[in-house]
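As a plain string of letters, each chain reads:
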Amino acid sequence: MLTLALPKGRLAEETALLLQSKGWLKNLPSEGSKELTYVSEDKRLRLLFVRSQDVCTYVEEAAADVGIVGWDILREGGFDLIAPVDLKLGACRLSLASFPDFDLYAKRSKVRVATKYPNLTREYFFSKGISCEIIKLYGSIELAPIVGLSDCIVDLVSTGGTLKANGLKEFESILYSTARLVSNRSSFYHKHAELRSLIDSLEN
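Notes on the structure in this doc start here. Bear in mind the structure is a predicted one, so any value in this text is a computation, not a measurement.

## A few points about the packing of aromatic side chains
Right, on to step 1. Inspection of every chain in the model, using the stated rule, returns three aromatic pairs.
Right, on to step 2. Here the aromatic rings of Phe102 and Phe171 are separated by 5.7 Å at their centres, their planes lie at 70°, and the arrangement is edge-to-face. Here Phe102 is found in the loop between β6 (92-98) and β7 (111-115), whereas its partner Phe171 is found in strand β10 (residues 169-177), with 69 residues between them in sequence.
Right, on to step 3. On the accessibility criterion, Phe102 (14% relative accessible area) is buried.
Right, on to step 4. With a centroid separation of 5.6 Å and 85° between ring planes, the pair formed by Phe188 and Tyr189 is classed as edge-to-face.
Right, on to step 5. You can call Phe188 buried: its relative accessible area is 15%.
Right, on to step 6. Of the residues examined, Tyr189 reaches a relative accessible area of 58% and is grouped as exposed.
Right, on to step 7. It is Arg180 that lies over the ring of Trp71; its NZ or CZ is 4.4 Å from the centre.

Set out below in structure tokens:
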């Protein structure tokens with residue numbers, strides 16, 4: 001049996017439907033269920049429902065063999081995982097945004113940036129040769145420049161609707177992200193036949 005860590009929410013639902021279409025699940029977990037685990041009818045797959053930020057930890061620490069996680073989270077955390085399949089689900093982009101009159105190169109002092117992605121943000125600004133002060137937030141990132149907490153933000157963008165609704169403009173995409181199947185190295189070798197079967201079915 002393979003143990004698969006799934007992020008709670010829409011991505012879990014999309015992944016469950018994909019697994020059902022590939023024959024790994026006959027029935028989907030009950031909608032609104034509070035259960036944190038679910039075992040497929042044929043006992044080939046055990047699902048763990050966890051926070052998206054925790055998927056990589058469960059997999060890296062071998063509490064799960066494989067997981068589904070966004071490329072943005074995988075890159076931000078620098079986890080030592082194998083990512084054999086791009087599922088093409090949950091497409092979005094990590095972008096720099098601010099008010100329309102924002103000029104990235106105008107400030108002589110550090111640019112204050114609000115984000116949930118300090119490592120990727122620091123890497124981006126370093127590549128531009130610009131000094132930045134990272135303000136780590138966990139939600140409502142768009143609020144930061146509105147109340148003067150930051151000069152700009154680096155955050156995930158899907159449709160751009162939230163930015164527009166708050167008078168902000170997307171300036172540059174830093175990273176394109178989709179959901180990936182990831183595996184810890186131990187499972188990739190010791191459960192290779194089972195994992196290969198899952199990978200082949202998701203690739204076709």
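## A few points about the pattern of salt bridges
Right, on to step 1. Tallied over the entire structure, the rule returns twelve salt bridges.
Right, on to step 2. Glu172 is paired through a salt bridge with Lys128; the nearest N and O atoms lie 3.3 Å apart. Pair noted here: Glu172 is in strand β10 and Lys128 is in helix α4 (residues 118-128), with a separation of 44 residues, a long-range link.
Right, on to step 3. For Glu172, a relative accessible area of 30% translates into the label partly exposed.
Right, on to step 4. Here Lys128 falls in the partly exposed class, since its relative accessible area comes to 28%.

## What about the sheet that holds strand β8 (residues 132-136)?
Right, on to step 1. If you walk across this open sheet you meet the five strands as β8-β7-β9-β6-β10, and the pairing is mixed. Both edges of this open sheet fall to β8 and β10, since each of them pairs with a single strand only. Taken over all neighbouring pairs, the strand axes of this sheet differ in orientation by 25° on average, direction set aside.
Right, on to step 2. As paired strands, β6 and strand β9 (residues 152-157) are joined by five bridges and run antiparallel to one another. The residue of β9 that forms the bridge with Ser95 is Asp155.
Right, on to step 3. On top of the sheet, α4 reaches β6, β7, β8, β9 and β10; it is set at about 165° to β8, its chief contact.

## Topic: the nonpolar core
As a rule of thumb, soluble globular proteins bury nonpolar side chains together.
Right, on to step 1. In terms of nonpolar packing, the biggest core is built from 27 residues, with Leu4, Leu19, Leu47, Ile68, Leu181, Leu198 and Leu202 touching the most fellow members.
Right, on to step 2. If you list the elements that add at least two residues to this core, you get β1 (2-7), α1 (10-21), β3 (45-50), β4 (66-70), β5 (82-86), β11 (179-183) and α8 (192-203).
Right, on to step 3. Once you skip the residues sitting within four places of it in the chain, Leu47 turns out to touch Leu4, Leu6, Leu19, Leu25, Pro29, Leu36, Thr37 and Tyr38.
Right, on to step 4. Residues Leu120, Tyr124, Cys152 and Val154 belong to the second largest nonpolar core, which totals 15 residues.

Criteria and cut-off values
Residues numbered from 1 in each chain as written. Predicted model: local features only at pLDDT ≥ 70, side-chain atom pairs only at ≥ 80, totals over all residues. Heavy atoms only, no water. Phe/Tyr/Trp six-rings, centres within 6.5 Å; stacked < 30°, edge-to-face > 60°. Helix = DSSP H or I, 4+ residues; strand = E, 2+ residues; numbered from the N terminus. Buried < 20%, exposed > 50% of the residue type's maximum accessible area, 1.4 Å probe, protein only. Lys NZ or Arg CZ within 6 Å of the ring centre and 35° of its normal. Salt bridge = Lys/Arg side-chain N within 4 Å of Asp/Glu carboxyl O. Pairing = 2+ DSSP bridges. Axes fitted to C-alpha atoms, helices over the stretch in contact; angles between N-to-C directions. Contact = heavy atoms within 4.5 Å. Core = buried A, V, L, I, M, F, W, Y, C linked by side-chain atoms within 4.5 Å.

These results come straight from atomic positions and should not be treated as a statement about function.
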